[in-house]
Amino acid sequence: MAVNIKSPREIELMRESCRILSGVFDEMAQALKPGMTTKDVDILGESLIRKAGCIPNFKNYNGYPASICVSVNDEVVHGIPNKKHVIKEGDIVSLDAGLIYKGYHSDMARTFGVGNISKEAQLLIERTKQSFFEGIKMAKAGNHLFDISNAIDDYISQFGYGIVKDLVGHGIGTKLHEDPQIPNFRQKRRGVLLQPGMTLAIEPMINEGGWQVVFLDDDWTVVTEDGSLSAHYENTILITDGEPEIMTLGKY
Ligand code: MF3
Ligand code: CO
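Rules of the game
- Residues numbered from 1 in each chain as written.
- Chains lettered and ligands numbered in written order.
- Predicted model: local features only at pLDDT ≥ 70, side-chain atom pairs only at ≥ 80, totals over all residues.
- Heavy atoms only, no water.
- Helix = DSSP H or I, 4+ residues; strand = E, 2+ residues; numbered from the N terminus.
- Buried < 20%, exposed > 50% of the residue type's maximum accessible area, 1.4 Å probe, protein only.
- Donors = N, O, S within 2.8 Å, 3.2 Å for Na, K, Ca; no water.
- Pairing = 2+ DSSP bridges.
- Axes fitted to C-alpha atoms, helices over the stretch in contact; angles between N-to-C directions.

**Remarks on unusual backbone geometry**
- For the peptide bond that leads from Asp179 to Pro180, omega is 0°, which places it in the cis range.
- Note that Pro180 resides in strand β8 (residues 178–182).
- Its identity is not glycine, yet Asn60 carries a phi of approximately 70°, on the positive side.
- Inspection of the secondary structure puts Asn60 in the loop between β1 (55–56) and β2 (68–72).
- Overall, Asn60 belongs to the exposed group, its relative accessible area being 58%.
- The phi dihedral of Asp219 is positive, around 80°, even though this residue is not glycine.

**Looking at the coordination of the cobalt ion (ligand 2)**
- In the first shell of the cobalt ion (ligand 2), the protein supplies Asp107 (OD), His170 (NE2), Glu203 (OE) and Glu234 (OE), at 2.0 to 2.2 Å from the metal.
- One chain supplies every donor for the cobalt ion (ligand 2), spaced along it as D-x62-H-x32-E-x30-E. Highlighted residues: Glu203 in the loop between β9 (199–202) and β10 (205–207) and Glu234 in the loop between β13 (230–232) and β14 (235–238), separated in sequence by 31 residues. For the residue pair Glu203 and Glu234, the accessibility class agrees, reading buried in each case.

**Thoughts on the sheet that holds β10**
- An order of β6-β10-β13 is seen for the 3 strands of this open sheet, with the pairing classed as antiparallel. Single-partner strands in this sheet number two, and they are β6 (162–163) and β13.
- Pairing analysis gives 2 bridges linking β6 to β10, with the strands arranged antiparallel. The residue of β10 that forms the bridge with Gly162 is Asn207.

**Focus on the sheet that holds strand β3 (residues 75–77)**
- Taken in spatial order, the 3 strands of this open sheet run β3-β12-β11, and their pairing is antiparallel. Lying at the two open borders of the sheet, with one neighbouring strand each, are β3 and β11 (213–215). Between one strand and the next, the sheet's axes are offset by a mean angle of 40°, whatever the strand orientation.
- Sheet topology places β11 next to strand β12 (residues 222–224); 3 bridges connect them, and they run antiparallel. Bridge assignment links Val213 to a residue of β12, and that residue is Thr224.

This is the structure:
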């Protein structure tokens, strides 16, 4: 496994790609309202990406038919936007999107509550986000990759939540998915040595119930096996000599 180390010029391009993507997320988050369809979210996100002069990297990726993954409630990731799926008050909606700017990819995800949501749903969203921050405390040159995985697991396990195992984070750069794979659960080995210039998409996917998921017949949508809620939080980050740089941090 070879992990790319980005040059200063490449890092600049990654930063810009990520900055544009965070802006797209800010606008999608503000627009997200009960009554919208999941397809409306996709249309909005794709038009924002294209207006910025960028390319939606998910579209047609291994045949994925949209630009934004919109996953509602028990849908974990890769929900396919659908003009018949109306978002309603009380839903939790995970948006996952990425784009290409001058050949460089960015990737991020957030779960949003629509209107009033249950206390349990709110806690799941907050703890999923926090697990990312626990993970990246370990994202320092000299540490090993799976220190991140273990930190996410240690934080999440205290709540009895299920950590999705069938999907993982990844390196990112001139491709959406580069080495290494980044599991969100405890590993027996320590993984690659982290080095400045690595760009990684770290993305815990956390279920309120069990960790098991089912892949639906549409070839994409991943749902929790037990029907429990699921949340997702992802940023593209840069390993530096000091603290990691979160390149996709916008308002949310
Ligand atoms: N953010 C996801 C990932 O990291 C989504 C990509 S799959 C796609 O892997 F097909 F929807 F693009
Ligand atoms: Co990703």
